[in-house]
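This is what each chain is made of:
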Amino acid sequence: MRIATFNINGVNTRLPTLLRWLAEARPDVVCLQELKASQAQFPAAALKAAGYDAAWVGEGRWNGVALLSRIGAPVVTRRALPGDPADAQARYIEAAVAGVLIGGLYLPNGNPQPGPKFDYKLAWFERLIGHAATLVDSGAPVVLAGDFNVVPTEADIYNSRSWKKDALLQPESRAAWARLVGQGWTDALLERFPHQPPWTFWQYFRQAWERDAGLRIDHLLLSPALAGRLADAGVDRHVRGWDKANDHAPAWIELEG
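Residues numbered from 1 in each chain as written. Predicted model: local features only at pLDDT ≥ 70, side-chain atom pairs only at ≥ 80, totals over all residues. Heavy atoms only, no water.

Visitor: I'd like a description of the sheet that holds strand S2 (residues 29–33), backed by residues and values.
Guide: Strand order in the open sheet formed by six strands is S3-S4-S2-S1-S12-S11, and the pairing between neighbours is mixed. Looking at which strands have only one partner, the edges of the open sheet turn out to be strand S3 (53–57) and strand S11 (230–235). Within the sheet, the average angular offset between the axes of one strand and its neighbour, ignoring direction, is 15°. Looking at chain direction, strand S1 (residues 2–7) and strand S12 (residues 251–255) are connected through four bridges and run antiparallel. Paired with threonine 5 across the strands is alanine 251, a residue of S12. (Pairing = 2+ DSSP bridges. Helix = DSSP H or I, 4+ residues; strand = E, 2+ residues; numbered from the N terminus. Axes fitted to C-alpha atoms, helices over the stretch in contact; angles between N-to-C directions.)

The following block contains the structure:
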């Protein structure tokens with residue numbers, strides 16, 4: 001079972017890229033982030049024609065998350081992260097597929113910091129930590145996958161010199177990540193590549209892609225009940241080099257059984 005995460009940054013704008021990658025990689029389940037499409041604008045018919053059932057939470061110009069599956073329609077359990085009923089941003093969707101519970105998430109970027117956007121990032125992170133604890137305690141096989149907008153350590157960035165003030169690298173962001181993983185989650189890419197985890201993001205500026213000046217901010221976390229089934233993990237980095245590509249590349253895991 002191959003589960004992938006891909007920040008698509010405009011699902012309709014980059015639909016040709018998405019369909020090309022789906023046809024090439026054939027992931028069983030995909031978590032998409034940053035749809036930038038309302039509920040009615042999501043291209044469900046095109047994805048169905050490509051063999052994928054979909055569940056999604058749209059949001060006009062910003063945010064938006066979706067789960068795609070070619071091994072049975074996702075059985076949705078949540079369309080929002082619990083803890084703040086007033087939060088209307090579309091950043092979390094959770095569904096069961098083939099016996100695995102999958103939480104697809106788009107954690108707030110938090111820039112500029114300090115300020116209200118960074119405060120929102122940390123508050124959302126706290127809610128995620130709280131919900132993730134209940135998932136671990138349930139004993140269920142769970143994957144949390146998506147754009148976490150956090151660079152966990154200095155090993156997860158080409159050079160942090162020009163990123164010192166960015167919300168992705170702040171001590172508070174990294175501490176929240178450490179607390180989350182400390183619940184017992186397995187960071188799949190780090191497990192597979194313990195010495196040099198692969199980048200998942202290259203910004204558009206300063207020839208970042210050409211220089212391989214990347215970051216790792218897209219993650220797949222496995223609950224203790226699922227960690228033993230991890231067979232492989234990786235990043236389809238070549239997708240970042242396609243024409244009109246997004247600044248993220250798809251990351252994936254392969255599960256046994």
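Visitor: Can you lay out the environment of glycine 130 for me, pointing to particular residues and giving the numbers?
Guide: For glycine 130, the position within the fold is in helix H3 (residues 116–138). The sequence separation of glycine 130 and alanine 55 amounts to 75 residues, and the corresponding C-alpha distance is 24 Å.

Visitor: Outline the UniProt feature "active site" (unreviewed entry) in the chain, listing residues and values.
Guide: Feature annotation in UniProt assigns "active site" (unreviewed entry) to the following positions: Tyr106, Asp147 and His248. What stands out for the annotated residues spanning 143 residues is how close their C-alpha atoms remain, the widest pair being 12.9 Å apart. Looking at the secondary structure, you find aspartate 147 in strand S8 (residues 142–147). Overall, aspartate 147 belongs to the buried group, its relative accessible area being 2%. Apart from the residues lying within four places of it in its own chain, the contact partners of aspartate 147 are Thr5, Asn7, Gln33, Leu105, Tyr106, Leu107, Ile217, Asp218 and His248. Considering the arrangement of structural elements, one finds histidine 248 in the loop between S11 and S12. (UniProt positions renumbered as here; feature names shortened; annotations may be inferred. Buried < 20%, exposed > 50% of the residue type's maximum accessible area, 1.4 Å probe, protein only. Contact = heavy atoms within 4.5 Å.)

Visitor: Outline the UniProt feature "domain: Endonuclease/exonuclease/phosphatase" (unreviewed entry) in the chain, listing residues and values.
Guide: Under the present numbering, the feature "domain: Endonuclease/exonuclease/phosphatase" (unreviewed entry) in UniProt falls on residues 4–234. Taken end to end, residues 4–234 comprises 28% helix and 23% strand; its first and last C-alpha atoms sit 9 Å apart.

Visitor: Go over the environment of isoleucine 8 with me, naming the residues and quoting the values.
Guide: Structurally, the position occupied by isoleucine 8 is in the loop between S1 and helix H1 (15–25). For isoleucine 8, a relative accessible area of 0% corresponds to the buried category. Residues isoleucine 8 and lysine 36, spaced 28 residues apart in sequence, show a C-alpha to C-alpha distance of 9.1 Å. If we ignore the near neighbours within four places in the chain, the residues touching isoleucine 8 are Arg14, Leu18, Leu32, Gln33, Glu34, Leu35 and Asn246.

Visitor: Help me get a handle on H3, residues and values and all.
Guide: With 23 residues, H3 should cover 33 Å at 1.5 Å per step; its first-to-last C-alpha distance of 33 Å lies within 8% of that length. Considering only its buried residues, H3 is in contact with strand S5 (75–78), strand S6 (92–97), strand S7 (100–106), S8, helix H4 (171–181) and helix H7 (224–227). (Expected span 1.5 Å × (residues − 1).)

Visitor: Pulling in residues and values, what's your account of the sheet that holds strand S9 (residues 186–187)?
Guide: In space, the six strands of this open sheet follow the order S5-S6-S7-S8-S10-S9, with mixed pairing throughout. In this open sheet, the two strands that pair with only one neighbour each are S5 and S9. Here S9 runs beside strand S10 (residues 218–222); their pairing, made up of two bridges, is antiparallel. Bridge assignment links aspartate 187 to a residue of S10, and that residue is leucine 221. H3 rests against S5, S6, S7 and S8 of the sheet, and its axis sits at about 20° to S6.

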